[in-house]
There are 2 protein chains.
Amino acid sequence: MHDLTPLINLLKIPSVSATHEHMNECAEKIRDLLSEAGCRTQIFPTEGHPIVYGEIKGISDRCLLFYDHYDVQPPDPLEEWDSPPFSPQIRNNRLYARGAVDNKGNIMARIEAVKSFDELPITVKFLIEGEEEIGSPHLEPFVREHASLLSSDGCIWEMGENDEMKRPTIFLGVKGLCYIELTSRGPLTDLHSAYAAIVENPAWRLIDALHTFKTKDRITIPGFHDSIRQLEKEEQEIIHTIPFDAEDTKKEIGISQFTRNMPGREAMSEILFGPTCNISGLKAGYTGEGSKTVLPSKAIAKVDFRLVPDQKPEAVVTAVKNHLSNQGFSDITVKCLGALNPARTSPNTRLVSVVQEAILSVCHTPVVTYPSMAGSGPMWLFTDILHIPTVSTAIGDTEANIHSPNESIDLSDYEEGIDIIREIINRF
Amino acid sequence: MHDLTPLINLLKIPSVSATHEHMNECAEKIRDLLSEAGCRTQIFPTEGHPIVYGEIKGISDRCLLFYDHYDVQPPDPLEEWDSPPFSPQIRNNRLYARGAVDNKGNIMARIEAVKSFDELPITVKFLIEGEEEIGSPHLEPFVREHASLLSSDGCIWEMGENDEMKRPTIFLGVKGLCYIELTSRGPLTDLHSAYAAIVENPAWRLIDALHTFKTKDRITIPGFHDSIRQLEKEEQEIIHTIPFDAEDTKKEIGISQFTRNMPGREAMSEILFGPTCNISGLKAGYTGEGSKTVLPSKAIAKVDFRLVPDQKPEAVVTAVKNHLSNQGFSDITVKCLGALNPARTSPNTRLVSVVQEAILSVCHTPVVTYPSMAGSGPMWLFTDILHIPTVSTAIGDTEANIHSPNESIDLSDYEEGIDIIREIINRF
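The structure displayed is predicted, hence computed values, not measured ones.

Undergrad: A description of the overall build of chain A should follow, citing residues and the corresponding values.
TA: Looking only at helices and strands, chain A features 13 helices and 20 strands. Scaling as 2.2 N^0.38, a compact globule of 428 residues should have a C-alpha radius of gyration of about 22 Å, and chain A matches this with 23 Å. For the C-alpha atoms alone, the extent of chain A along its principal axes is close to 75 × 50 × 45 Å. Within the span of chain A, comprising 428 residues, buried residues form 55% of the whole. Partitioning the intrachain contacts of chain A with sequence separation of at least 6 by distance along the chain shows that 78% fall at a separation of at least 24.

Below is the structure:
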């Protein structure tokens, strides 16, 4: 067992990028951890939160880049945590804390793997940013500016998990993301709700506008689907190689059926290849306990779209604005809070088989290979700008509650994760 | 000038009934103020917040009842107050605090008026409850149980104001209120928004359901309008006797037009006689700063309906439930958080002319008489159960920001309000 103290100390820092908390403190902590592992390190300031870079030379010239992030999702709703999100607690061989898996647990596993070598067989680079959970708004200029510093023969991404059947999974791509905030404005201040007799309520207006975005079956914003790439035959077939227990998934999530009551195979296809239009947040008027009669001065919706190749976030923002205008809602403002392109790496790349074999050697279980994640990340900067083949593998399981209350990591997985990274370095 | 210390001390108590804060403390303070004015007092516990009763015998047997409430609306959004809501502050001859007008300023004016008599010409009773702002859920059983204690020849209600032209206004009725909370439930916990590919979002479902409640022009819940009483000719004509500067009202509220771009007379008709369906609050998922990608486990809407004779809140709840069920939204739960019947007193009642003449003698300005308020209150308990003619007159002006940030009272109005109550007692 590796000493858990460095991980626990890292998890105590509430580095919530959305609310700009403790970000510099966490970046410095990461820098110190990389230095202790023998890396030459540097903290690069950005217009947002700093990026931490580390590099350690190996015997051969071949080079592997690890992409990670030290920021975490906001922990709310706080009342649903069994122990405080930034006071790590071990229960039943699991470590509970915000970031236990996503992504601080994985950062520490990689650092521990590097530390385990007397001399590294290859050169290893770390790029650990602080804005992944808010859409990596400042990573693109950094990557473009430091292309030669980051130059590598392969990149290990930061996501992955053991699936519900404990099979290790890897991912060769991500969906894109377009995160917007819609604001509908009414009277100058919140009014007594008796004014509803004569004053239009911005919450009703927002509801009427959002109602035009989708039906239960389909996103209805004109132009949204235009640039979606037709699936290749190989991509369609891969759906059948991926194990998926639809009933278990529903039970775990606590739902009786998937959207449109779709069967498991169709659900898997949507997870891999379906774009989404999701309400992440709604806020208007009085949201506390009990009743307050008020006509709110504004109403806000946070809407995120997951995108698939070759959709572009900028085009989605334009499509939404045009749609609102055409539907008579041009008074509703649209602010883009995050944008990421989708990305995919070919399954025939050497790095893919290296990762598959490394995991097999440690876990004695064949890897399940997904052509894409359901989630997003700035992978396209590496695949499409730096032209580095990229494979995502990480620790975590279906009980991890990523982005939810009671996030946790299985401590046996943590140990296994260290060994897997060691094997990838050995074989690459 | 009367000493403002008792009022300022009363305003310092944050008696927010919606969040159950400091209610007993405030009830005891009211009891003490009534005792100091010479009343026989009693605090009646209820299943909610206590009711304070006070009575002081006069020379004649005639009896006037004052209805007031010591609870206040929640002060949020706190950041929009120029001074803290429960730290009363005087600026430019106005006293700023939550409750400055609604209703603590008026309570103190009435107590000061009573104190100004060496001997009262009539008997005066005070009923001061603590749940008006949450729909007076426990007043009905109290009124039914203590009908003889409360027996009076007239009741002075707690609302009214000087209008935008500084004309004193009185009200002979109120709209009813039906306040419901709708909850749409999805997965067991908030999920990573990537799940939007396969899991229905309860916020979308709530939006789709709410969208069926009304169009821009009309409430579309079947049965909602069924029991609305046809307006009498006299009621329709009174619209033309009420001054209303539509442009000033719009400017003050900060809107460019009324709903449906209706003209001033139609707006006045809606204010007096139109039922409403208003969103008081919307809440789902992440509502903080910046972005968080989440598929929320539930979405909540707080909806209030203002009702007109002879609509009943119970019938509205039933209509909403039936409508949701008929539209395929029977999974969305409906909880009633407040219910009040509408009420009206005839303009030919003697109390009405007493109040009109009292105000004229103090203000030297004719009174504008409204057949109904746009707002609500439990007036029907007094008019329809106790059969007491009821007229509403109170201090306040169009800059009072009732229910909004920076609530305030003009200190000259406060003095005038004391004199008016004194004159009403003298003439009744």
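Undergrad: Any details on the interface of chain A and chain B? Residues and values, ideally.
TA: On the chain B side, the residues contacting the 69 residues of chain A number 69 residues. Taken together, the elements giving at least two residues each to the side of chain A that touches chain B come down to strand E12 (191–192), helix H6 (202–211), helix H9 (264–273), strand E13 (276–285), strand E14 (294–295), strand E15 (298–307) and strand E16 (333–340) of chain A. Looking at which element gives the most residues to the side of chain A that touches chain B, the answer is E13 of chain A, with nine residues.

Undergrad: An account of the sheet that holds strand E4 (residues 89–91) of chain B is needed here, citing residue identities and associated values.
TA: Residues and elements named next belong to chain B. Ordered by their spatial adjacency, three strands build an open sheet running E4-E5-E20, and the pairing between neighbours is antiparallel. Since the sheet does not close on itself, it has two edges, and those belong to E4 and strand E20 (408–410), each with one partner. Direction aside, neighbouring strands of the sheet carry axes that sit 25° apart on average. As paired elements, strand E5 (residues 94–96) and E20 share three bridges and run antiparallel to each other. Within E20, the position partnered with Leu95 by the bridge is Ile409. Contacts from helix H13 (residues 411–427) reach E5 and E20 within the one sheet, and its direction differs from that of E20 by about 65°.

Undergrad: Can you explain the pairing of strand E1 (residues 40–44) of chain B? Please cite residues and give values.
TA: Residues and elements named next belong to chain B. Relative to strand E2 (residues 51–56), E1 runs antiparallel, the two being bridged by five bridges. Considered in E2, the bridge of Gln42 is made with Tyr53. Where E1 folds back onto E2 in an antiparallel hairpin, the turn is made up of six residues.

Undergrad: Help me get a handle on unusual backbone geometry, residues and values and all.
TA: Here Pro309 of chain A and Asp310 of chain A are connected by a cis peptide whose omega angle stands at 0°. Put simply, Asp102 of chain B and Asn103 of chain B share a cis peptide bond, and its omega is 15°. Positionally, Asn103 of chain B belongs in the loop between E5 and helix H3 (104–115). We note that Asn401 of chain A has phi near 55°; this positive angle belongs to a residue other than glycine.

Criteria and thresholds
Residues numbered from 1 in each chain as written. Chains lettered and ligands numbered in written order. Predicted model: local features only at pLDDT ≥ 70, side-chain atom pairs only at ≥ 80, totals over all residues. Helix = DSSP H or I, 4+ residues; strand = E, 2+ residues; numbered from the N terminus. Rg over C-alpha atoms; globule rule 2.2 N^0.38 Å. Buried ≥ 20, exposed ≤ 12 C-beta atoms within 10 Å, placed from the backbone. Contact = placed C-beta atoms within 7 Å. Pairing = 2+ DSSP bridges. Axes fitted to C-alpha atoms, helices over the stretch in contact; angles between N-to-C directions.

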